[in-house]
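Coordinate analysis (summary)
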Amino acid sequence: MLQIKNLSYVTPEGKTILDDINLTVDKKFVAITGPNGSGKSTLAKIIAGIIVPTEGSILLDGTDITGMTITERARNGVSFAFQQPVRFKGITVSDIISIAAGRELTLDEACAYLSEVGLCARDYIDREINESLSGGELKRIEIATAFARSTKLTIFDEPEAGIDLWSFQSLIKVFERMYEKTNGSIMIISHQERILSFAEQIILLSAGRIAAVGSKDEIMPMLMSSELKYECARRV
Amino acid sequence: MNGLNISSDKLDMLSKISVMAENLSGAFSLRVDGSPYAKGSSANVTITAKKDLPGIDIRVKDGTVGEKIHIPVILTQSGIKDLVYNDFYIGENCDVEIVAGCGIHNHGHEDSAHDGIHSFHIGKNSKVFYSEKHYGESAPESGKNIMKPTTIVEIAEGGYMEMDTVQIQGVDNTIRTTKGKLGDKAVLKITERIMTDGEQYAETRFEVDLDGEDSGTHVISRSVAREQSKQLYVSNVNGNNKCSGHTECDAIIMDSASVSAVPKISANSTDASLIHEAAIGKIAGEQLVKLMTLGLTEKEAEDRIINGFIQ
């Protein structure tokens, strides 16, 4: 269970990005949505330890992780899939999946994770995670590494961004399977209605504050009717 | 062990440059502390000592396929200045692998130096894979390990050479010069990987003349410069015919190191197609963060990125 208490973030320039966020995530599948600039990615990065909040605390299964480094949080069960996956020269797909799993995987094990995201393992396992891979391929590899970690909490920052329509269909299936298999919480930052529609809980952020928290039946109509609708629809 | 009496410390030094005891059989040459130590020939490969100069002539018969030749050099005593000339004469239609390398163990106060001048004459339609690993180790305050390898390559029509050089550790000062002259349809592919630290200095100079029609070269240099070390990369590719040339220099710079890249490409034919790419920069912060979110510490992430980069 993830608890966020009185969390705020003000940039060094004095701009408030998050303002007194209080949140408890105990569901298996939670989506965070909201307009651009509402603070979604900042919140995810604060949970992963990449950004240090100005105020407030974060507890994971009762342990205060606020003062922990990125590495310590990762080792304590936080995974974070980037919106823009990082490229590396000389690190292969098989290397990154083994790093994620925390041990050297056998070829079969590494291939199983790639198959989960619909990549033909034989074609990808020895490839470097460099410019030769497309944005969609990188994104799927990013998701495979999250699969390999299978931690208490996995955060995906806009998994649908930068992937083509075909990949999007497969992405939906991946999350459906991940939902069946996971023992922890999956938190997805998304604008995509189809992803939001199978979240058990939706958190709506607006201008750095929580505008609403509820089930999809409660939140989805708000998205469709509110001013947010235009913003969300435009992004899809 | 092939009747060779090699002490364990020498074998240990050989292993650092990827040469094992079992490699010292068939056609091979081992040079220790500035003198020939042992050599052998095979049915197709003859290795003989030069008469007028220090060094050896390696002659590979036409049609030799699948043979592997090891010619390591090690220096275990401080203060040795070793200069050696090795000439390779590769016949036609061959496919051979040559493993060279130099390991220096310097625990004295004087500088140790090895200058290897290697000339390759590659016959028509022959393929040569050549690898060279440089390694140095020394106690603090001991003399410097200095290596100045020169490789001169001439490739006849349809010939192919792949050269793979590695210098990861312990060489204080190095100037590597590689010169190539290519005939019709000849290809030269060079990959070098260098890591320097402390006060080390590494300089590499490539000069390739693409003289033949449809000749080609691809030079890839990947390096990491740490602490106060300095590196200089100079390449000069001349396209004198219908040909293609591609050089890329990619360096990671850390601490207070400095790296310079001086690429030059010259086309002397309208059908020459030449490309150079050079990039120097520190490790991207997002790469470190990504690996840390997978559970590595910052130091582990840095090592992983560097090792991948120059592997």
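The structure under discussion appears in the preceding block.
Residues numbered from 1 in each chain as written. Chains lettered and ligands numbered in written order. Predicted model: local features only at pLDDT ≥ 70, side-chain atom pairs only at ≥ 80, totals over all residues.

**Digging into the overall build of chain B**
Broken down by element type, chain B carries three helices and 20 strands. Here the C-alpha atoms of chain B give a radius of gyration of 20 Å, agreeing with the 19 Å that 2.2 N^0.38 yields for 311 residues. On the principal axes, the C-alpha backbone points of chain B span a range of 55 × 55 × 35 Å. Across the 311 residues of chain B, 45% fall into the buried class. When contacts within chain B are restricted to residue pairs at least 6 apart in sequence, those whose partners lie at least 24 apart make up 79%. (Helix = DSSP H or I, 4+ residues; strand = E, 2+ residues; numbered from the N terminus. Rg over C-alpha atoms; globule rule 2.2 N^0.38 Å. Buried ≥ 20, exposed ≤ 12 C-beta atoms within 10 Å, placed from the backbone. Contact = placed C-beta atoms within 7 Å.)

**A look at the packing of helix 4 (residues 107-116) of chain A against helix 6 (residues 135-149) of chain A**
Residue and element names in this part refer to chain A. At a minimum axis distance of 8 Å, the contact between helix 4 and helix 6 shows a crossing angle of 125°. By the angle class used here, helix 4 and helix 6 are oblique. As for how helix 4 packs across helix 6, the hand of that crossing is right-handed. Every residue of helix 6 that contacts helix 4 at Y113, L114 and E116 is listed here: A144, F147 and A148. Partitioning the contact of helix 4 with helix 6 into residue classes produces five nonpolar, no polar and one charged. (Axes fitted to C-alpha atoms, helices over the stretch in contact; angles between N-to-C directions. Parallel < 35°, antiparallel > 145°, perpendicular 65-115°, else oblique. Left-handed = near helix turned anticlockwise from the far one by under 90°. Nonpolar A, V, L, I, M, F, W, Y, C, P; charged D, E, K, R; others polar.)

**Overview of the interface of chain A and chain B**
If you look at the interface, chain A gives 20 residues, while chain B gives 16 residues. Listing elements by their share of the side of chain A that touches chain B, those giving two or more residues are helix 2 (70-75), strand 6 (78-81), helix 3 (93-101) and helix 6 of chain A. With four residues, helix 2 of chain A is the single largest residue contributor to the side of chain A that touches chain B. Its residues assigned to classes, the side of chain A that touches chain B comprises 11 nonpolar, five polar and four charged.

**Regarding helix 2 (residues 285-293) of chain B**
Within the sequence span of helix 2 of chain B, burial applies to B:Q287, B:L288, B:K290, B:L291, B:M292 and B:T293. Where helix 2 of chain B ends, the next residue or the one after it, B:G295, has phi of about 105°, a positive value.

**Examining the sheet that holds strand 1 (residues 2-10) of chain A**
Residues and elements named next belong to chain A. Ordered in space as 2-1-4-5, the four strands form an open sheet in which the pairing is antiparallel. Two strands lie at the open edges of the sheet, namely strand 2 (16-25) and strand 5 (63-64), each paired on one side alone. In this sheet, strand 2 lies alongside strand 1 in antiparallel orientation, the contact comprising six bridges. Bridge assignment links Q3 to a residue of strand 2, and that residue is T24. Here helix 1 (residues 40-48) sits on the sheet in contact with strand 1, strand 2 and strand 4 (55-60), set at roughly 65° to strand 2. (Pairing = 2+ DSSP bridges.)

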